[in-house]
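Residue-level listing of the chains:
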Amino acid sequence: IPTADDAPAVFAAYANDPAVTRYLAWHAYERVEPLAAFLGEAAAHWEKRDTALPLAWLLCLKGTQTPIGSIGVTLEGNGRALFGYVLARKFWGHGMAAEALAYLVDWTLAQPLLYRAYAFCDVENPASVRVMEKAGMVREGVLRRWYVAPTLGPEPRDCIVCAKVR
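Residues numbered from 1 in each chain as written. Predicted model: local features only at pLDDT ≥ 70, side-chain atom pairs only at ≥ 80, totals over all residues. Heavy atoms only, no water.

Peer 1: Give me the lowdown on the overall build of the protein, citing residues and values where you can.
Peer 2: Assigned secondary structure in the protein consists of five helices and six strands. Ordered by position from N to C terminus, the α and β elements of the protein give α-α-α-β-β-β-α-β-α-β-β. Relative to the globule expectation of 15 Å for 166 residues, the C-alpha radius of gyration of the protein, 15 Å, shows essentially globular dimensions. Seen through its principal axes, the protein has C-alpha atoms that stretch 40 × 35 × 30 Å. Considering the protein as a whole, with its 166 residues, one finds that 42% of them fall into the buried category. Surface accessibility of the protein: about 9300 Å² in total, with carbon and sulfur atoms responsible for 57%. (Helix = DSSP H or I, 4+ residues; strand = E, 2+ residues; numbered from the N terminus. Rg over C-alpha atoms; globule rule 2.2 N^0.38 Å. Buried < 20%, exposed > 50% of the residue type's maximum accessible area, 1.4 Å probe, protein only. Areas by Shrake-Rupley, 256 points an atom, 1.4 Å probe, with all protein chains shown as cover.)

Peer 1: Could you give me a rundown of the sheet that holds strand E5 (residues 138-147), with the residues and numbers involved?
Peer 2: Within a beta sheet, neighbouring strands are joined by backbone hydrogen bonds and run either parallel or antiparallel to one another. If you walk across this open sheet you meet the six strands as E1-E2-E3-E4-E6-E5, and the pairing is mixed. Each having just a single partner strand, strand E1 (55-60) and E5 make up the two edges of the open sheet. The mean inter-strand angle of the sheet, taken between neighbouring strand axes irrespective of direction, is 30°. Alignment of E1 against strand E2 (residues 67-77), held across six bridges, turns out to be antiparallel. Looking at the pairing, Leu59 lines up with Gly69 of E2. Helix-sheet contacts for helix H1 (residues 7-15) involve E1, E2 and strand E3 (80-87), and the interaxial angle to E2 is about 95°. Contacting E1, E2, E3, strand E4 (116-122) and strand E6 (157-165), helix H4 (residues 96-109) runs over the sheet at an angle of about 165° to E3. (Pairing = 2+ DSSP bridges. Axes fitted to C-alpha atoms, helices over the stretch in contact; angles between N-to-C directions. Contact = heavy atoms within 4.5 Å.)

Peer 1: Report on the environment of Ser70, specifying residues and quantitative values.
Peer 2: Topologically, Ser70 is positioned in strand E2. Taking relative accessible area as the criterion, Ser70 reaches 17% and is therefore assigned buried. With 68 residues separating them along the chain, Ser70 and Pro2 place their C-alpha atoms 8.8 Å apart. Among residues more than four places away in sequence, those in contact with Ser70 are Tyr14, Trp57, Leu58, Leu59, Gly84, Tyr85 and Val86.

Peer 1: For the environment of Ile1, give the residues involved together with the corresponding values.
Peer 2: Mapped onto the elements of the fold, Ile1 is located in the segment before H1. Ignoring anything within four residues of it in the chain, the contact list for Ile1 reads Asp6, Trp46 and Ala56.

Peer 1: Tell me about the packing of aromatic side chains, and name the residues and values.
Peer 2: On inspection of all chains with the given rule, the structure shows four aromatic pairs. With 5.6 Å between their ring centres and 45° between their planes, Trp26 and Tyr29 make a pair best called tilted. For Trp26, a relative accessible area of 27% gives the class partly exposed. A centroid spacing of 5.1 Å and a plane angle of 65° characterise the contact between Phe120 and Tyr147, whose relative ring orientation is edge-to-face. Remark: Tyr147 occurs in strand E5 and Phe120 occurs in strand E4; sequence separation between them is 27 residues. By relative accessible area, which is 25% here, Tyr147 ends up partly exposed. (Phe/Tyr/Trp six-rings, centres within 6.5 Å; stacked < 30°, edge-to-face > 60°.)

Peer 1: Residues and numbers for the packing of H1 against helix H3 (residues 32-48), please.
Peer 2: Two quantities define a packed helix pair, namely the angle between the axes and the distance from one axis to the other. For the pair H1 and H3, the least separation of the axes is 9 Å and the interaxial angle reads 110°. In terms of orientation, H1 lies roughly perpendicular with respect to H3. Both H1 and H3 take part in a crossing whose hand is right-handed. Facing Ala7, Pro8, Val10, Phe11 and Ala15 of H1, the residues of H3 in contact are Val32, Leu35, Ala36 and Leu39. Across the contact of H1 with H3, the residue classes tally to nine nonpolar, no polar and no charged. (Parallel < 35°, antiparallel > 145°, perpendicular 65-115°, else oblique. Left-handed = near helix turned anticlockwise from the far one by under 90°. Nonpolar A, V, L, I, M, F, W, Y, C, P; charged D, E, K, R; others polar.)

Interpretation note: all reported values are geometric properties and have no functional meaning in isolation.
As structure tokens, then:
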């Protein structure tokens, strides 16, 4: 679970990299302080146990406490869980994001009130589609003008959605 104290390590690992944040809902951080505030809010979501808020975990290499990415879930109601993830560029292509996503998707679908685990990404981000597919999700289609990636402009962009259901 992230805390404000994790901000310097998260900043150094991936949060300041424009290539990492290219397709995300947030720009790369230029300073640690706003990131610390955001991570503090993420910790507060856990403390409140409010499942309507996004719940996030930091991803670390096995045997370390050094963050290399994060993964989050939003329990949307109606049996749906939406996932998002980010990984430091240094670790792209090694299956780590897919491993984390697969674990959480399977755990989510084992919960009696959850039936659909899904994620989406920009149509121009095939590596993220591959992460979802390796995690056991099935490509369902394209969501037209679905999501604004602020680094790519103010207009909603087409996204590929993948899901695993039970």
